Amino acid sequence: MEVTGGAREIRGTRGIRRRAGIVLGLTGLIVPLTAALGAGTAQAASCSTSTGPYQKQVEKFLGRPVDGKQSAADCKAIRAFQAQHGITPTIGYAGPITWRTMDTMLAQRAAGKNPNKAGKCPTNKGRIACVDLTRQLSWIQDGKTLKYGPVPVRTGKDGTETRTGAKKIYWRSINHWSTLYNVRMPYSQFFDGGQAFHSTTKSMWNPPGSGGCVNMRSGDAKAYWNLLKNGDDVFVYGRKPGT
């Protein structure tokens, strides 16, 4: 549908090329618009016209009319979501990775301010950092009292999963540089081998995941740094969707 519209635009432009002033005016408008969109006609042409297997769920999540049929407006909304979180290919298709990401977001929202309602993170350890891989959530509690969070996190991808079980923070490095990945890892707090809490600039919902660390937004990683210390408990449980 968008390609057809684009063809009509081209034919319309050809029809007015005889008027140099209008052509110059159009050129002045089209160039900055293309630059602002960052992809122009090629990006429009890449928008999927196919109805995805999770079309209705994705439409509902995005507040679109739920008819289970792909439209140009659906594609635009889906593609914007994919671009925001680094989901590829960014073509507006309502596929399994896009829906999995949205479903995780819904589970995170449902947690509210009682992330340990099921009691899966120990409440007899005093201060402890909990990591729920299934919901991609983390929080700090002291007994049954929530101290910080819950906040979204980005844990290990398939093959480099964040290891589950009871841990303890054993080393902290506020301006850590990873020689393994050749990247900065600010506010690093290591709790299991090379696995640590640390901040990242990536979206927390960027697939497929980390190399095993618990990635956090900068503000959350800084808060964890201020609330935790060496020797504090960490408990990791669940299973990340897609692993």
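Scope of this entry: the structure provided in the associated data block. Think of each chain on its own: its residues are numbered from 1, step by step along the sequence as written. Reporting of local features is limited, given that this is a predicted model, to residues whose pLDDT is at least 70; pairs of side-chain atoms are given and counted only at 80 or more, and all residues count toward the totals for whole chains, interfaces and linings. Water and hydrogen atoms play no part in the side-chain values, which are based on all heavy atoms of the structure.

## What about the overall build of the chain?
Our working rule: Helix numbers and strand numbers start at the N terminus; a helix is a DSSP run of H or I with at least 4 residues, a strand a run of E with at least 2. Should any heavy atoms of two residues lie within 4.5 Å, those residues are counted as being in contact. The method behind every accessible area is Shrake-Rupley, applied with a 1.4 Å probe, and residues are considered shielded solely by the protein chains displayed.
Helices and strands together make up the secondary structure of the chain, namely seven helices and nine strands. Once local pairs closer than 6 in sequence are excluded, the contacts in the chain between residues at least 24 apart make up 56%. As displayed, the chain offers around 13300 Å² of accessible surface, 55% of which is attributable to carbon and sulfur atoms.

## Looking at unusual backbone geometry
Spelled out, the test is: Only protein chains enter the accessibility calculation, which uses a 1.4 Å probe. A residue is then buried if its area is under 20% of the maximum for its type, exposed if over 50%, and partly exposed in between.
For the bond from G149 to P150, the omega torsion is 5°, close enough to zero to count as cis. When you line up the elements, P150 lands in strand β3 (residues 145–152). If you check the backbone angles, Q136 has positive phi at about 55° while not being a glycine. Here Q136 is to be found in the loop between β1 (127–132) and β2 (137–142). On the basis of relative accessible area, Q136 is assigned to the buried category, the value being 6%. The residue Y187 is not glycine, and still its phi comes out positive at about 60°. Structurally, Y187 is set in strand β6 (residues 183–192).

## Comments concerning the packing of aromatic side chains
We apply this condition: Between 30 and 60 degrees the pair is tilted, below 30 it is stacked and above 60 it is edge-to-face, where a pair is any two Phe, Tyr or Trp rings, Trp via its six-membered ring, whose centres lie within 6.5 Å.
Summed over the entire model, instances satisfying the criterion amount to eight aromatic pairs. With centroids separated by 6.5 Å and ring planes inclined at 50°, the aromatic side chains of Y170 and F190 adopt a geometry described as tilted. In this pair, Y170 sits in the loop between β4 (165–168) and β5 (171–178) while F190 sits in strand β6, placing the two residues 20 residues apart along the sequence. On the basis of relative accessibility, which here comes to 43%, the residue Y170 falls in the partly exposed class. Assessed through its relative accessible area of 5%, F190 is described here as buried. Here the aromatic residues Y148, F191, F197 and Y224 are joined through ring pairs into a cluster of three or more.

## Topic: the sheet that holds β4
Selection rule: Two strands qualify as a pair provided DSSP detects at least 2 bridges between them. Whenever a helix is involved, its axis is fitted only over the stretch in contact; in every case the axis is a line through C-alpha atoms, and angles between N-to-C directions fall within 0 to 180 degrees.
Ordered by their spatial adjacency, five strands build an open sheet running β3-β2-β1-β9-β4, and the pairing between neighbours is mixed. What marks the edges here is a single partner per strand, and that holds for β3 and β4. Looking at each pair of strands side by side, their axes are set apart by 20° on average, direction ignored. Summarising the sheet, β1 and strand β9 (residues 233–237) pair through five bridges and their orientation is parallel. The partner of C130 across the bridge, within β9, is F235. Taken strand by strand, helix α7 (residues 218–227) contacts β1, β2 and β3, and its axis lies near 150° from that of β3.

## A word on the nonpolar core
Grouped burial of nonpolar side chains is what soluble globular proteins tend to show. Applied cut-off: Here the nonpolar core consists of buried residues drawn from Ala, Val, Leu, Ile, Met, Phe, Trp, Tyr and Cys, with membership extended through side-chain atoms lying within 4.5 Å.
One finds F197, M216 and Y224 to be the most contacted residues of the largest nonpolar core, which totals 18 residues. At the level of elements, β1, β6, β8 (214–216), α7 and β9 are the ones that each hand at least two residues to this core. The dominant element in this core, judged by the number of residues it contributes, is α7, at three residues.

## Things to note about the state of the cysteines
Here is the rule: A pair of cysteine sulfur atoms is labelled a disulfide when the two atoms are within 2.5 Å.
Evaluation of the coordinates by the stated rule reveals two disulfides. What pairs with C47 in a disulfide is C75, and their sulfur atoms sit 1.7 Å apart. The chirality of the disulfide connecting C47 with C75 is left-handed, given an S-S dihedral of about -135°. Taken as a pair, C47 in the loop between α3 (40–45) and α4 (55–62) and C75 in helix α5 (residues 72–85) lie far apart in primary sequence, 28 residues in all.

## As for the pattern of salt bridges
Rules: Salt bridge criterion: a side-chain nitrogen from Lys or Arg within 4 Å of a carboxyl oxygen from Asp or Glu.
For the structure on display, the rule yields seven salt bridges. Note that R135 and D132 form a salt bridge whose closest N and O atoms lie 2.5 Å from each other. The exposure class assigned to R135 is buried, which follows from its relative accessible area of 19%. Because the salt bridges share partners, they merge into one network encompassing R163, K167 and D192.

Nothing here speaks to function; it is geometry throughout.
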